[in-house]
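Chain residues, written in single-letter form:
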Amino acid sequence: MKALVIHGAQDLRLQDWTTEPLGAGQVKLRIAVGGVCGSDLHYYHHGGFGTVRLREPMVLGHEVSGIVTECGAGVAGLAPGDLVAVSPSRPCGSCDYCHEGIPNHCENMRFYGSAMPFPHIQGAFRQELVADAAQCVRAEGLTPEEAAMAEPLSVALHGLRRAGDIVGKRVLVTGCGPIGLLSILAARMAGAAEIVATDLSDFTLAKAREIGADVAINTGQTPETLTTYAAGKGHFDVLFECTGVAVALASAIPTMRPRGVVVQLGLGGDMPLPMMQVTAKELDLRGSFRFHAEFATAVAAMQAGRIDVKPLITHSVPLEQAKEAFAAASDRALAIKAQIRFS
């Protein structure tokens, strides 16, 4: 079978890859669709991110759906022919953090397509994948494209959980990439009274308005528009910061009301923080990293029609043209979520 393997910056190859043997409690999948994520782009453009660097060839990808083709011994609830969303989150279940009920902080996490450990954790951009049955959530009623969106939606839902109750709250979302837009959908589902979105791209801001943002501000063209929300002691109760860019966080802090909640989802490296404002306003700063239990919730939300991810899927290409998906995903004026069709 074929897999998409990154060897270094700008060196992505479609090459032969060996399928692992099927074990007890596992299923063999024919991968249907894979979405290109921001971390995939970092590996593709830069060979890594921060201090993380590729040290060996690695299969990319962690946003995938697939069709069950074979079940190992002891598998229940899944059968050949089932469409499933595949969670890349594989905590060990044995470390202190798993026992504490925060498996997203597992000390031995095996997250698809990660160069953090060595040997690297190989990803899911391959035609055939053997996965633990526990990773697979049946996605009947969804398209393979929608099912592949369960992973990024889970990231947004975990951020929503970190924010706490937002019913009736005023929400600011900085950054309208996939996670920012999914955070808008999640906040609307959770009962936010007002959602304001900011970005530098008119294309993504138009998408934000389309899916439910009340106001969309291009802070590159009209930065003063956001500053109007800083009047008095601020306007917003909750901030979902989805850029990982220091200037976005710094410009958002003055718009927060006292005792507001700042949820940092964007991963762009270390960022300076206006700590005096955080202290004076008694703001809660909460990190949000990956997800675990939210994965099944994401699938259920899409199945019930509470969240519609289809407007965010802007590009779909066959496996043989995978580099086109990476090029599209790299252009914020052109794409939201670019997906690769594996079958």
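Let us look at the structure shown here. (Residues numbered from 1 in each chain as written. Predicted model: local features only at pLDDT ≥ 70, side-chain atom pairs only at ≥ 80, totals over all residues. Heavy atoms only, no water.)

**A word on the sheet that holds strand β6 (residues 58-59)**
- With antiparallel pairing, three strands are arranged side by side in an open sheet as β2-β1-β6. Each end of this open sheet is capped by a strand with a single partner; those strands are β2 (11-16) and β6.
- In terms of strand pairing, strand β1 (residues 2-8) meets β6 through two bridges, oriented antiparallel. Bridge assignment links Val5 to a residue of β6, and that residue is Val59.
- Along the sheet, helix α1 (residues 38-46) contacts β1, β2 and β6; its crossing angle with β1, the most-contacted strand, is approximately 55°. (Pairing = 2+ DSSP bridges. Helix = DSSP H or I, 4+ residues; strand = E, 2+ residues; numbered from the N terminus. Contact = heavy atoms within 4.5 Å. Axes fitted to C-alpha atoms, helices over the stretch in contact; angles between N-to-C directions.)

**A closer look at the pairing of strand β12 (residues 194-199)**
- A large share of β12 lies buried, amounting to six of its six residues.
- Residues Glu194, Val196 and Thr198 point to one face of β12 and Ile195, Ala197 and Asp199 to the other, with burial holding for every one of them.
- Pairing of strand β11 (residues 170-174) with β12 involves five bridges; the strand directions are parallel. Of the residues in β12, the one forming a bridge with Thr174 is Thr198.
- Two elements, β12 and strand β13 (residues 215-218), share four bridges in a ladder whose sense is parallel. Residue Ala197 lies in a different strand from β13, and its bridge partner there is Ala216.
- In terms of handedness, the path from β12 via helix α6 (residues 202-211) over to β13 forms a crossover that is right-handed. (Buried < 20%, exposed > 50% of the residue type's maximum accessible area, 1.4 Å probe, protein only. Right-handed = clockwise from strand over helix to strand, strands pointing away.)

**What about the packing of helix α5 (residues 178-189) against α6?**
- Remark: α5 packs on α6, axes separated minimally by 10 Å, with the N-to-C direction vectors making an angle of 15°. Judged by the angle between their axes, α5 and α6 are roughly parallel. By crossing handedness, the relation of α5 to α6 is classed as right-handed. Judged by residue contacts, Leu181, Ile184 and Leu185 of α5 engage Thr204, Lys207, Ala208 and Ile211 from α6.
- Here the contact of α5 with α6 is built from residues that sort into five nonpolar, one polar and one charged. (Parallel < 35°, antiparallel > 145°, perpendicular 65-115°, else oblique. Left-handed = near helix turned anticlockwise from the far one by under 90°. Nonpolar A, V, L, I, M, F, W, Y, C, P; charged D, E, K, R; others polar.)

**Some details on the environment of Ile67**
- The residue Ile67 is located in strand β7 (residues 63-71) in this model.
- In this structure Ile67 comes out as buried when scored by relative accessible area, which is 17%.
- The spacing of Ile67 and Ala329 is 262 residues in sequence and 25 Å in space, taken between C-alpha atoms.
- What Ile67 contacts, discounting residues up to four positions off in sequence, is Lys28, Leu29, Arg30, Gly81, Asp82 and Leu83.

**Quick word on the pattern of salt bridges**
- All chains considered together, the criterion is met by 16 salt bridges.
- Several salt bridges share partner residues, and in doing so they unite Asp82, Arg138 and Glu140 into one network. (Salt bridge = Lys/Arg side-chain N within 4 Å of Asp/Glu carboxyl O.)

**Structural notes on the side chain of Lys28**
- Topologically, Lys28 is positioned in strand β3 (residues 26-35).
- Setting aside anything within four residues of it in sequence, one finds Lys28 in contact with Thr19, Leu22, Ile67, Val68, Thr69, Glu70, Glu128, Leu129 and Val130.

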